[in-house]
Amino acid sequence: MYNSLAATPEDEAFFTHNGVLQLCRRGAAVKTAPQRWQDMSSDFIATHDVVIAFEERIYDAVVEDLQTREPTESFEPIHVICLDTKDNPHEAKLQGRVALELCWLLEAADDLVVEAPGIVESFQDERMTHTQIKVLYQLCYL
């Protein structure tokens, strides 16, 4: 995708100016190819404690998918969180930092199942005062 967006000097200048090429480079640095949630095995998904979505429709799809999958033998909790973000490079950068702060708070918890709802609520009240975006949270089991 990156190569097709930067095929000509004019295209490269345009997509560099609007931040799309930077997003592509950042994405390529963290994964080898696009990934579809629906294609992931339940056993692989169950190895994750927290899933963060940046669009409410994706959050809804993840929660619905987790609720309809056959449970794994370990039946582990998965905390699904939504930090709804406008789809542009500036907002993505800001919300990436916000998500990192939330992850640090969740990582410090001794018992995530007990503490996560309070952490998310406090985070919403204290950190998200600059925006109308509501943090969504759902505990699922897989």
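J.: Sorry if this is basic, but what is going on with the packing of aromatic side chains here?
T.: One pair of aromatic rings is described through two measures. These are the centre distance and the angle between the planes. Evaluated as defined, the whole model comprises two aromatic pairs. A centroid spacing of 5.3 Å and a plane angle of 20 degrees characterise the contact between Phe-75 and Tyr-141, whose relative ring orientation is stacked. With Phe-75 in the loop between helix 5 (56-68) and strand 2 (77-83) and Tyr-141 in strand 3 (residues 135-141), the pair connects residues that are 66 residues apart, well separated along the chain. Classification of Phe-75 as partly exposed rests on a relative accessible area of 46%.

J.: Explain the pairing of strand 1 (residues 50-53) here, please?
T.: Each regular strand carries side chains that alternate between the two faces of the sheet. Residue alternation in strand 1 divides its side chains into a buried set, Val-51 and Ala-53, and an unburied set, Val-50 and Ile-52. Where strand 1 lies against strand 2, four bridges are found, and the strand directions are parallel. By the bridge assignment for strand 2, Val-51 is matched with Val-80. This β-α-β element, strand 1 to helix 5 to strand 2, shows right-handed connectivity.

J.: Looking at this model, I keep getting lost on the environment of Pro-77. Mind explaining?
T.: Inspection of the secondary structure puts Pro-77 in strand 2. With relative accessibility at 18%, the residue Pro-77 sits in the buried group. When the C-alpha positions of Pro-77 and Ala-46 are compared, they lie 7.9 Å apart, and in sequence the two are 31 residues distant. Residues contacting Pro-77, with those up to four places away along its chain left out, are His-48, Asp-49, Val-113, Leu-139, Cys-140 and Tyr-141.

J.: Before we go on, may I ask you to explain the packing of helix 6 (residues 89-107) against helix 7 (residues 112-127) in this structure?
T.: Two quantities define a packed helix pair, namely the angle between the helix axes and the distance between the axes. Axis separation between helix 6 and helix 7 bottoms out at 10 Å; the angle between their running directions is 145 degrees. Note on packing geometry: the crossing formed by helix 6 with helix 7 is right-handed. For the pair helix 6 and helix 7, contact is made by Val-98, Glu-101, Leu-102, Leu-105 and Leu-106 and by Leu-112, Ala-116, Ile-119, Phe-123 and Arg-127, respectively.

J.: Hey, could you run me through the nonpolar core in this one?
T.: Core analysis: the biggest nonpolar cluster contains 15 residues, and Ile-81, Leu-83, Leu-102, Leu-106, Met-128 and Val-135 have the highest contact counts within it. Those elements giving two or more residues to this core turn out to be strand 2, helix 6 and helix 7. Ranked by residues supplied to this core, first place goes to helix 7 with five residues. Ignoring any residue separated from it by four or fewer positions in sequence, one finds Ile-81 in contact with Val-50, Val-51, Ile-52, Ala-53, Tyr-59, Leu-102, Leu-106, Val-120, Val-135, Leu-136 and Tyr-137. Grouped together as the second largest cluster of nonpolar side chains are 14 residues, Ala-46, Val-51, Val-80 and Cys-140 included.

J.: Explain the layout of surface pockets to me, please; I cannot follow it from the model alone.
T.: One simple way to see leftover space: roll a probe sized like a water molecule over the atoms. Estimated volume of the largest pocket: approximately 1,900 Å³. When residues of the lining of the largest pocket are traced back to their parent elements, those giving at least two are helix 3 (20-30), helix 4 (42-45), strand 1, helix 5 and helix 6. Among the elements that make up the lining of the largest pocket, the one with the highest residue count is helix 3 (eight residues). Of the residues belonging to the lining of the largest pocket, the class tally is 25 nonpolar, nine polar and eight charged. Estimates place the volume of the second largest pocket at around 170 Å³. Looking at side-chain class alone, the lining of the second largest pocket contains three nonpolar, three polar and five charged residues.

Thresholds, definitions, all that
Residues numbered from 1 in each chain as written. Predicted model: local features only at pLDDT ≥ 70, side-chain atom pairs only at ≥ 80, totals over all residues. Heavy atoms only, no water. Phe/Tyr/Trp six-rings, centres within 6.5 Å; stacked < 30°, edge-to-face > 60°. Helix = DSSP H or I, 4+ residues; strand = E, 2+ residues; numbered from the N terminus. Buried < 20%, exposed > 50% of the residue type's maximum accessible area, 1.4 Å probe, protein only. Pairing = 2+ DSSP bridges. Right-handed = clockwise from strand over helix to strand, strands pointing away. Contact = heavy atoms within 4.5 Å. Axes fitted to C-alpha atoms, helices over the stretch in contact; angles between N-to-C directions. Left-handed = near helix turned anticlockwise from the far one by under 90°. Core = buried A, V, L, I, M, F, W, Y, C linked by side-chain atoms within 4.5 Å. 1 Å grid on protein atoms, 1.4 Å probe; cavity = no way out; pocket = protein on both sides within 12 Å on 5 of 7 lines; lining within 4 Å. Points joined across faces, edges and corners; volume = space filled by probe spheres on them. Nonpolar A, V, L, I, M, F, W, Y, C, P; charged D, E, K, R; others polar.

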